[in-house]
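The residues making up each chain are set out below.
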Amino acid sequence: MYPPRFDYYRAASVQEAVQLLQAHPEAKVLAGGHSLLPMMKLRLAAPPVLVDIGRIEELRGIQDLGDRLRIGALTTHWELERSDILARKCPLIPEAAAQIGDRQVRHRGTIGGNLVHADPGSDLPAVILALDGTLHLAGPNGTRQVAARDFFLDLMTTAVQPGEILTAVEVPVLGERTGTAYLKFEHPASGYAVCGAAAIVTLNADGTVAQARLCFNGITSTPFNAQNVTDALVGHTPDDATIEGVVDQHLHVGDPMGDVFASGAYRVELAKVFAKRALKQARDRAQA
Amino acid sequence: MGVPIRVEVNGRVYEHTVEPRLLLVHYLRDVLGLTGTKVGCDTSQCGACTVLMNGLAVKSCTVLAVQADGAQITTIEGLAKDGELHPLQQAFWENHGLQCGYCTPGMILAAYDLLQENPNPTEEEVRHGLEGNLCRCTGYHNIVKAVLDAAQRMREG
Ligand SMILES: Cc1cc2nc3c(=O)[nH]c(=O)nc-3n(C[C@H](O)[C@H](O)[C@H](O)COP(=O)(O)OP(=O)(O)OC[C@H]3O[C@@H](n4cnc5c(N)ncnc54)[C@H](O)[C@@H]3O)c2cc1C
Ligand code: FES
Ligand code: FES
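Residues numbered from 1 in each chain as written. Chains lettered and ligands numbered in written order. Predicted model: local features only at pLDDT ≥ 70, side-chain atom pairs only at ≥ 80, totals over all residues. Heavy atoms only, no water.

So, on to the overall build of chain B. Tallying secondary structure elements over chain B gives five helices and five strands in all. What you see in chain B, going N to C, is helices and strands ordered as β-β-α-β-β-β-α-α-α-α. For chain B, the C-alpha radius of gyration of 15 Å lies close to 15 Å, the compact-globule estimate for 157 residues. With 157 residues in all, chain B has 54% of them scored as buried. Sequence-distant contacts, at least 24 apart, represent 57% of the contacts inside chain B between residues at least 6 apart. When the accessible area of chain B is evaluated, it comes to approximately 6,900 Å², of which 48% is carbon and sulfur surface. Counting 12 positive and 18 negative side-chain charges, chain B places the centres of these two groups 5 Å from one another. (Helix = DSSP H or I, 4+ residues; strand = E, 2+ residues; numbered from the N terminus. Rg over C-alpha atoms; globule rule 2.2 N^0.38 Å. Buried < 20%, exposed > 50% of the residue type's maximum accessible area, 1.4 Å probe, protein only. Contact = heavy atoms within 4.5 Å. Areas by Shrake-Rupley, 256 points an atom, 1.4 Å probe, with all protein chains shown as cover. Lys, Arg positive; Asp, Glu negative; His and termini not counted. Charge placed at Lys NZ, Arg CZ, Asp CG, Glu CD.)

Listed below in structure tokens is the structure:
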């Protein structure tokens, strides 16, 4: 299967990529190609022009900026998985990246492509939402920043406007006594998340919950922030019974997705199970 | 539109002008005649088309030839040296790690990539490392056995 015909331009810099997108309004950006090329081969997408950003050096790599980390959009899942900086300062991202697809896919797929593609079964969207990340975009009118909570608009639709590219993702460095966990129930054939839960728990010195975040992939069309659950946890000692009770009482999923493999009701059940497991694991890690 | 590319495959440099939509797997098979690399699913799932690109295993049905411009590629044809099978090839043979052989080139290159990173994997790690490669006939048991055997041969040099 060949993809449909297209013209190909390779950008050497962000500036050139933005110019190429301006000159070719029908163009699509090509990063790792591991969502776009399969779609083109199946004729689900047929862009007449591809702008390859895969060699733009300034879009690569992970930087420690003190209170936050900056991850270039072209950083591959494989690089996320192996980054020393992330392992020390933001282990939630490598934990999720390691669960994406298989090693061949992780060698090519990029964090930017994963977030902009915004497949509801992708693993990184809920992680970046849970971390309260910021997405950096470059376009014809310069650069702008979008908070993760404003980035995912609908199924495979984000705040990235035509002509813009995602250049980097920034996440805050988490404080002391914080633990994180990403747990996933994967589709047995595709490997995508039927339900993926990202949890962050920060404890006070007395062991009660100071702050928490719990976000899901897979159960709704955009990553779902279970704010009710985490609000109800704050101030409590997070023993198993408390976590289970709070999840059972407060996890309400408005509009769950269903398909032939997993109905909406089943995904909500999965979300409860994975919420409990992820919160307990994050708590254990916060205590360690 | 034709795009010039320069690719090093199994140590030999090739230069061609290709259509942008040409997939790496078709470049290898149809332009270079290296038909060891197989097309199985053609939908990025099965791993039959796995080759090494700059040392890392990739599914060549999901990489454009133009994306491989400037890269070093290793295919199954590049593993044997001076008529001697690579330890992975020898171990697949001796452990009955193949029946029809269709998945084998991809399996071997994915295993090669895994062993480069982890020369002494557990059985579990081999199974996990090969999750991107499907075999429809041998069953994974002997494939895993072959990879563990090859790992030992390679460690003993
Ligand atoms: C077999 C297989 C299994 C997979 N399993 C999983 C899984 O379990 N979990 C998971 O999360 N993902 C999975 N994926 C998807 C994989 O993570 C993709 O690589 C990723 O979603 C897209 O990244 P990419 O770099 O390949 O993007 P591309 O395919 O190049 O691009 C995807 C989309 O994003 C746009 N885009 C890309 N980068 C930018 C940018 N910087 N700025 C603006 N637009 C951009 C493109 O125009 C395109 O629309 C799987 C893929 C395959 C083939
Ligand atoms: S042919 Fe490429 S993954 Fe199956
Ligand atoms: S040996 Fe036939 S598919 Fe694996």
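Having seen the structure, we can now continue with the description.
Another aspect to go through is the domain arrangement of chain B. All names here are of chain B. Considered domain by domain, chain B is made up of domain 1 (3–76) and domain 2 (87–156). Of the roughly 1,200 Å² buried at the junction of domain 1 and domain 2 (both faces included), carbon and sulfur atoms supply 62%. Linking domain 1 with domain 2 are zero salt bridges. Taken together, the connections running from domain 1 to domain 2 amount to four residue pairs in polar contact (both at pLDDT 80 or more). Counted by class, the side of domain 1 that touches domain 2 contains eight nonpolar, eight polar and two charged residues. (Domains from an automatic or database assignment. Buried area = accessible area lost by both parts, 1.4 Å probe. Salt bridge = Lys/Arg side-chain N within 4 Å of Asp/Glu carboxyl O. Polar contact = N/O pair within 3.5 Å; in protein donor to acceptor, adjacent residues only side chain to side chain. Nonpolar A, V, L, I, M, F, W, Y, C, P; charged D, E, K, R; others polar.)

Residues and elements named next belong to chain A. Domain boundaries in chain A define domain 1 (7–52), domain 2 (58–172) and domain 3 (178–287). The distance between the C-alpha centroids of domain 2 and domain 3 comes to 21 Å. Contacts between the two partners involve 23 residues from domain 2 and, on the opposite side, 25 residues from domain 3. Both faces combined, the contact of domain 2 with domain 3 buries some 1,800 Å², and carbon together with sulfur accounts for 58% of it. Area buried by domain 2 at its contact with domain 3 is led by Gln99, Pro120 and Ala130, which between them contribute 26% of it. Linking domain 2 to domain 3 there are two salt bridges. Linking Lys184 and Asp123 is a salt bridge whose minimum nitrogen-to-oxygen distance equals 2.8 Å. On the surface where domain 2 and domain 3 come into contact, there are 13 residue pairs in polar contact (both at pLDDT 80 or more). Looking at the side of domain 2 that touches domain 3, the elements with two or more residues in it are helix H5 (92–97), helix H8 (124–130) and strand S8 (152–154).

Bringing the packing of aromatic side chains into the picture now. Residues and elements named next belong to chain A. Tallied over the full model, the rule gives three aromatic pairs over all chains. Here Phe151 and Phe152 contribute two aromatic rings whose centre-to-centre distance is 5.1 Å and whose plane-to-plane angle is 90 degrees, an arrangement assigned as edge-to-face. With a relative accessible area of 0%, Phe151 lands in the buried category. Taking the relative accessible area as the measure of exposure, Phe152 reaches 10% and is therefore buried. With a centroid separation of 6.2 Å and 70 degrees between ring planes, the pair formed by Phe185 and Phe274 is classed as edge-to-face. Of this pair, Phe185 sits in strand S11 (residues 178–186) while Phe274 is found in helix H12 (residues 264–287), placing the two residues 89 residues apart along the sequence. Taking the relative accessible area as the measure of exposure, Phe185 reaches 26% and is therefore partly exposed. Over the ring of Phe274 we find Arg277; its NZ or CZ atom is 5.2 Å from the centre of that ring. (Phe/Tyr/Trp six-rings, centres within 6.5 Å; stacked < 30°, edge-to-face > 60°. Lys NZ or Arg CZ within 6 Å of the ring centre and 35° of its normal.)

Let us look at the site of ligand 1. Taken together, the neighbourhood of ligand 1 is formed by 31 residues, with Val29(A), Gly33(A), His34(A), Thr110(A) and Asp123(A) sitting nearest. Of the chains in the model, those with residues near ligand 1 are chains A and B. Separating an oxygen atom of ligand 1 from a backbone N or O atom of Gly32(A) is a distance of 2.8 Å. Within the complex, the protein chains bury 96% of what would otherwise be the 960 Å² of accessible surface of ligand 1. Where the shell around ligand 1 is concerned, the elements lending two or more residues are strand S2 (28–30), helix H7 (111–117) and strand S10 (165–172) of chain A. With five residues, the top contributor of residues to the shell around ligand 1 is H7(A). (Near = heavy atom within 4 Å.)

Note that Thr37(B) resides in the loop between helix H1 (24–31) and strand S3 (50–53). With residues up to four places along the chain from it excluded, the contact list for Thr37(B) reads Val25(B), Leu28(B), Arg29(B), Cys49(B), Val51(B), Ser60(B), Thr75(B), Ile76(B) and Glu77(B).

Turning our eyes to something else, we now look at empty space enclosed by the protein. Residues and elements named next belong to chain A. If you walk through the whole model with that rule in mind, you get one cavity of 30 Å³ or more. Counted as a void, the largest cavity has a volume near 70 Å³. In this structure, the largest cavity is lined by 14 residues; those nearest its centre are Asp119, Pro120, Ser221, Thr222 and Pro223. At the level of secondary structure, the elements contributing two or more residues to the lining of the largest cavity comprise S8 and strand S13 (209–217). The residue makeup of the lining of the largest cavity, split by class, is six nonpolar, six polar and two charged. Per-domain counts for the lining of the largest cavity show at least three residues from each of domain 2 (58–172) and domain 3 (178–287). (1 Å grid on protein atoms, 1.4 Å probe; cavity = no way out; pocket = protein on both sides within 12 Å on 5 of 7 lines; lining within 4 Å. Points joined across faces, edges and corners; volume = space filled by probe spheres on them.)

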